[in-house]
Amino acid sequence: MTRYLRSATPALVAVAHGSRDPRSAATISALVDEVRRQRPDLDVRLSFLDLSTPRLSDVLSAVAADGHRDAVVVPLLLGNAFHARVDVPGVVARAARRYPRLRLSVAQVLGGDPRLAGVALRRLSRTAGPLDDPELGVVLAATGSSRASANNAVHQLASSWAVDYPWRGCLAAFATDVSPSVPEAITRLRAAGAVRIAVASWFLAPGLLPARVTAAALATEKNATIAAPLGPDPSVAAVVVDRYLAATHATAERAAG
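Residues numbered from 1 in each chain as written. Predicted model: local features only at pLDDT ≥ 70, side-chain atom pairs only at ≥ 80, totals over all residues. Heavy atoms only, no water.

Asker: Whenever I open this one, the pairing of strand β4 (residues 103–106) confuses me. Can you help?
Answerer: Every regular strand shows the same layout, with side chains that alternate between the two sheet faces. Summarising the sheet, strand β3 (residues 70–75) and β4 pair through 4 bridges and their orientation is parallel. In the sheet register, V73 faces β4, and the bridge partner there is V106. Taken together, β3, helix α3 (residues 82–98) and β4 constitute a β-α-β crossover, and its handedness is right-handed. (Pairing = 2+ DSSP bridges. Helix = DSSP H or I, 4+ residues; strand = E, 2+ residues; numbered from the N terminus. Right-handed = clockwise from strand over helix to strand, strands pointing away.)

Asker: Honestly, the pattern of salt bridges in this entry has me stumped. Any pointers?
Answerer: Using the criterion set out here, one finds 15 salt bridges in the structure. One salt bridge connects D41 with R39, and the closest N-O pair in it is separated by 2.6 Å. D41 sits in the partly exposed class, given a relative accessible area of 39%. Classification of R39 as partly exposed rests on a relative accessible area of 22%. With a closest N to O distance of 2.8 Å, D242 and R115 form a salt bridge. Remark: R115 occurs in helix α4 (residues 114–128) and D242 occurs in helix α8 (residues 234–256); sequence separation between them is 127 residues. Via salt bridges that share partners, D113, R115, D242 and R243 belong to a single interconnected network. (Salt bridge = Lys/Arg side-chain N within 4 Å of Asp/Glu carboxyl O. Buried < 20%, exposed > 50% of the residue type's maximum accessible area, 1.4 Å probe, protein only.)

Asker: Looking at this structure, I do not really get unusual backbone geometry. What am I missing?
Answerer: Most peptide bonds are trans, and most residues other than glycine sit at a negative phi. Note the cis peptide between T53 and P54, where omega equals 5°. Cis geometry is found at the peptide bond from S179 to P180, where omega equals 0°. Within the secondary structure layout, P180 lies in the loop between β6 (169–174) and α6 (182–191). A positive phi angle is found at L51, which is not glycine, with a value near 70°. One can find L51 in the loop between β2 (44–48) and α2 (56–65).

Asker: Honestly, α8 in this entry has me stumped. Any pointers?
Answerer: It helps to recall that an α-helix has 3.6 residues per turn; residues three or four apart then point in one direction. Counted at 1.5 Å a residue, the expected span for α8 with its 23 residues is 33 Å, and the 33 Å between its end C-alpha atoms agrees. Of the positions making up α8, those classed as buried are V236, A237, A238, V239, V240, V241, R243, Y244, A247, T248 and T251. Looking at the buried positions of α8, the neighbouring elements they touch are β1 (11–16), α1 (22–38), β3, β4 and α4. The backbone nitrogen of S235 has a side-chain oxygen 2.8 Å away, supplied by the residue at the start of α8, namely D233. (Expected span 1.5 Å × (residues − 1). Contact = heavy atoms within 4.5 Å. Polar contact = N/O pair within 3.5 Å; in protein donor to acceptor, adjacent residues only side chain to side chain.)

Asker: What am I meant to see in the side chain of D70 here?
Answerer: The residue D70 is located in strand β3 in this model. At 2.5 Å, the side chain of D70 and the side chain of R103 are in polar contact.

Asker: Would you mind showing me how to read the environment of S235 here?
Answerer: Along the polypeptide, S235 turns up in helix α8. Setting aside residues no more than four positions away along its own chain, S235 makes contact with R115, V119 and R122.

Asker: Can you walk me through the sheet that holds β2 in this structure?
Answerer: Two pairing modes exist for strands in a sheet, parallel and antiparallel, and in both the strands are linked by backbone hydrogen bonds. With respect to topology, 4 strands assemble into an open sheet ordered β2-β1-β3-β4, the strand pairing being parallel. On the outer flanks of this sheet lie β2 and β4, each paired with one strand and no other. Mean inter-strand twist for the sheet, computed between neighbouring axes without regard to direction, equals 25°. Summarising the sheet, β1 and β2 pair through 5 bridges and their orientation is parallel. For A16, the partnering residue across the bridge sits in β2 and is F48. Of the strands in this sheet, β1 and β2 are in contact with α1, which crosses β2 at around 160°. (Axes fitted to C-alpha atoms, helices over the stretch in contact; angles between N-to-C directions.)

Pasting the structure below:
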């Protein structure tokens, strides 16, 4: 069994949103297992904000009880929206007050790293075929947020794909009450001349919203191909590790300064 240097090496506490769909927790668990495979020297723990267990507050309690002096919470989130800006910091702040000897920091969300876009494109190619088809129209489906900057990040990624590939177009679309919806995006792509429609996934794991995207896409275009979420890909795990390391280094620099 690995012996962790608990006083010197911060624990990595990965936190996902959670879902009533059991496939979501299973996928997130597999992703965290991949993080452990890449970094067996770290104490890597899985947690959720809601709907799944163990909850973040309980995991932070266990980390403190196990003797860690430091822990880095890594949000397994693709957008810097409400959960990243409010929910996670709130739980961490309460834990910091409860365990004053445990120094806690929160890493940046995963979204924005080009490796994630690469995973999404690989998932897309597995279902849509070669990505050099000029008759293809691509919908990049994401959750959607009340925070415009989070939605803009998805729009920017879709725009960059539209430049890089010879498709009829690539449009961001959202599963929640943010425009455009998936059916709206498909309609626009058809109007632009797309013969085939493919939906790329900007979701980390299966769940209610990815299922909603699939249902809406197929109701609008029965022959649409739907890519799988990013899942436990090694590149996604590598981003998790890098977010942890960046937060660890930032904390060390603050302490030294």
